[in-house]
Amino acid sequence: MAHRLIIENLSLQYSSSEPKALSSLSVDVPAGSCCAIIGPTGAGKSTLLHCLAGTMHRQHPESVASGRLQLGETRFEGLPDHILFPVAALVLQDPYVQISGVRDTVFEEILFTLENLGAAPQNPRKIIMPLLQRLGIDHLANRKPTSLSGGETQRVALAAILVAQPSILLLDEPTSALDSNAQDKLRAILRSLRGTTTVMMSDTQIDFALAIADQILLLDHGTIVFAGSPSALLSRAREYSSIIPVESWLATQSFLTSLQTSSGHQKLISKALGLQ
Amino acid sequence: MPVRAYLDLPSKLALVFLLWVCAFTLSWTFQVSLCLLLVIARFAIPAFRPLSPRSATAFSKFIVYSISVALLVVCLNALFIKTGGTIATVLGFSFYEDGLLFGLKTASRLILLSFSVLMFFISTPLPVLIGYLQEKGLPPSLVLVLLLTLHFLDQLPRRIHQIFLAQQARGAPVDAGVISRTKALLSILSPLVLASIVESIERGTALELRGFLSRPAADRIPAQIGKQDNLLGICFYFLSLAILLYSIYRWLIA
């Protein structure tokens, strides 16, 4: 079941002597919707996702946080001091580090997550194979996880998280290892999660984020400079050209193609490109 | 029943324990014999065959390196421990009997210790080892540390190779000789180790993010251990105990 995600006035410093990595962030992500975080490198996108997954205290014990988080009915003052899996599950940017190395096949690798949860079913094929089919990697079920390409590994990593049916799915730059075909598949997968899983993802590929998100957060130096719908961002795209390369992404044909199935954006794109 | 089944994981662990006991209790001639037997076992016994061509190469390289190091240890000891009779004089350097014996003891012990551990790791699939340790109730955090360490050691040569290739592509003379390679290796050592540590931390985080540390004990995968494995393992442990008791007895009457 999808959870609503509320972030209230969240600030974070990696240590008390360092400047704020996140500064007074407030976001409300409705249950079952998709929120994309975009922004330049070092803006705080991954940091925010790690805060939500509960890994910040483990990775940076000296970090100082203030504000509140609410995941469904659970509220946290500051940051959670434990990993929130499987309520909130984070897929890391580097797909290769997410392969455990302790299982021989992709199928077993996915099952490994259920074993960790103590939820391995009697007949795991009934759960795992449909998931692999949905992700388009069912043909890899018997392959060695460490022998896959970047895109395949990324989808295996995603499957290894999705099998736990998280209420909130956090994706750190999920398109970084994917070619355009694999991106299309991922886009379809994320769309299929709408309503059942709350998704929060960071991405540097703005066209991808715009195509699937219900809400966009534009971060710069740990501060939200824009929060709103993709349409609203598109209509104000030129205002943020110093933060993100608006001209280039607006001009890409792939962007137009990717949005062909999305309703409502076509006119705005044409307008932004000066076609109207 | 195939031979491999008689030397499954618990038996292999017991054998490694036995070899370690031998390394600290028996004479160097016996230890050298055991080392030779291990090398033969690597080819002859399926349970000790390397899992991949890469691990086979690693084992062969290790044999060459360890023999070189052993020779160095023996020569240095024979040269600098100047007691006992002179065995030989080469280019004005005299080699002494006591030093030679001490060097042989030290080198054979080190080789047996390292051969037995290496043989275990190159012939044991990591999933089997991790599954076994989990089934035995080892704390998940310790299993995670072991897993990350093994992965770190596994990835290090690959990273070194990649960096050498990158340096070669930039025209660095890494193939010019041993000195050039050593200099190149020294210059990349700290970033290499740091990068590998960072990757290990990320891998640990990724495993934690999949609930590895909160894994319930009741659901850990049972390792497939047969009665024969238990019996053979028990034999190895009894033999270890017997050797230890004999060594203590010999020490007491000496």
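The present account deals with the structure reproduced in this document. What you see is a predicted model; the values in this text were computed from it and never measured.

**Section: the packing of aromatic side chains**
And step 1. Taken as a whole, this structure holds six aromatic pairs over all chains when the rule is applied.
And step 2. Between F112 of chain A and F212 of chain B, the aromatic rings sit 5.8 Å apart at their centres with planes inclined by 35°, giving tilted as the arrangement. Of this pair, F112 of chain A sits in helix 3 (residues 106-117) while F212 of chain B sits in the loop between helix 8 (178-208) and helix 9 (227-253), which puts the two residues in different chains. Both residues of the pair, F112 of chain A and F212 of chain B, count as buried.
And step 3. Centre to centre, the rings of F62 of chain B and F115 of chain B are 6.0 Å apart; their planes meet at 55°, and the pair counts as tilted. Separated by 53 residues along the polypeptide, F62 of chain B in helix 4 (residues 53-80) and F115 of chain B in helix 5 (residues 97-123) bring together distant segments of the chain.
And step 4. Aromatic rings pair up to connect F59, F62 and F115 of chain B into one cluster.
And step 5. Note that R125 of chain A overlies the ring of F107 of chain A, its terminal NZ or CZ placed 5.0 Å from the centroid.
And step 6. Here the guanidinium or amino end of R42 of chain B rests over the ring plane of F43 of chain B, the centre of that ring lying 4.0 Å away.

**Focus on the sheet that holds strand 6 (residues 88-91) of chain A**
Within a sheet, neighbouring strands are paired by backbone hydrogen bonds and run either parallel or antiparallel to one another.
Residue and element names in this part refer to chain A.
And step 1. Strand order across the open sheet formed by six strands is 6-7-8-3-9-10, with mixed pairing between neighbours. Each edge of the open sheet carries a strand with a single partner, namely strand 6 and strand 10 (223-228). Neighbour-to-neighbour, the strand axes of this sheet turn through a mean angle of 15°, independent of strand direction.
And step 2. Judged from the five bridges that link them, strand 7 (residues 168-172) and strand 8 (residues 198-202) form a sheet pairing that is parallel. Within the sheet, the bridge partner assigned to L169 lies in strand 8 and is V199.
And step 3. Of the strands in this sheet, strand 3 (34-38), strand 6, strand 7, strand 8 and strand 9 (215-220) are in contact with helix 1 (residues 45-53), which crosses strand 7 at around 150°.

**Some thoughts on unusual backbone geometry**
All names here are of chain A.
And step 1. Omega for the bond connecting F85 with P86 falls within 30 degrees of zero, at 5°, which places this linkage in the cis form.
And step 2. The phi torsion at Q165 lies on the positive side, around 50°, for a residue other than glycine.
And step 3. By the element assignment, Q165 lies in the loop between helix 5 (150-162) and strand 7.
And step 4. The phi dihedral of E173 falls on the positive side, at around 45°, and the residue is not glycine.
And step 5. Mapping E173 onto the fold places it in the loop between strand 7 and helix 6 (180-192).

**As for the sheet that holds strand 1 (residues 5-13) of chain A**
All names here are of chain A.
And step 1. The antiparallel open sheet is built from four strands, whose spatial order is 2-1-4-5. Two strands close off the open sheet at either side, each with one partner strand: strand 2 (20-29) and strand 5 (74-77). Neighbour-to-neighbour, the strand axes of this sheet turn through a mean angle of 5°, independent of strand direction.
And step 2. For strand 4 (residues 64-71) and strand 5, the ladder comprises four bridges, and the chain directions are antiparallel. Within the sheet, the bridge partner assigned to L69 lies in strand 5 and is F76.
And step 3. Here helix 1 sits on the sheet in contact with strand 1, strand 2 and strand 4, set at roughly 115° to strand 1.

Thresholds, definitions, all that
Residues numbered from 1 in each chain as written. Chains lettered and ligands numbered in written order. Predicted model: local features only at pLDDT ≥ 70, side-chain atom pairs only at ≥ 80, totals over all residues. Heavy atoms only, no water. Phe/Tyr/Trp six-rings, centres within 6.5 Å; stacked < 30°, edge-to-face > 60°. Helix = DSSP H or I, 4+ residues; strand = E, 2+ residues; numbered from the N terminus. Buried < 20%, exposed > 50% of the residue type's maximum accessible area, 1.4 Å probe, protein only. Lys NZ or Arg CZ within 6 Å of the ring centre and 35° of its normal. Pairing = 2+ DSSP bridges. Axes fitted to C-alpha atoms, helices over the stretch in contact; angles between N-to-C directions. Contact = heavy atoms within 4.5 Å.

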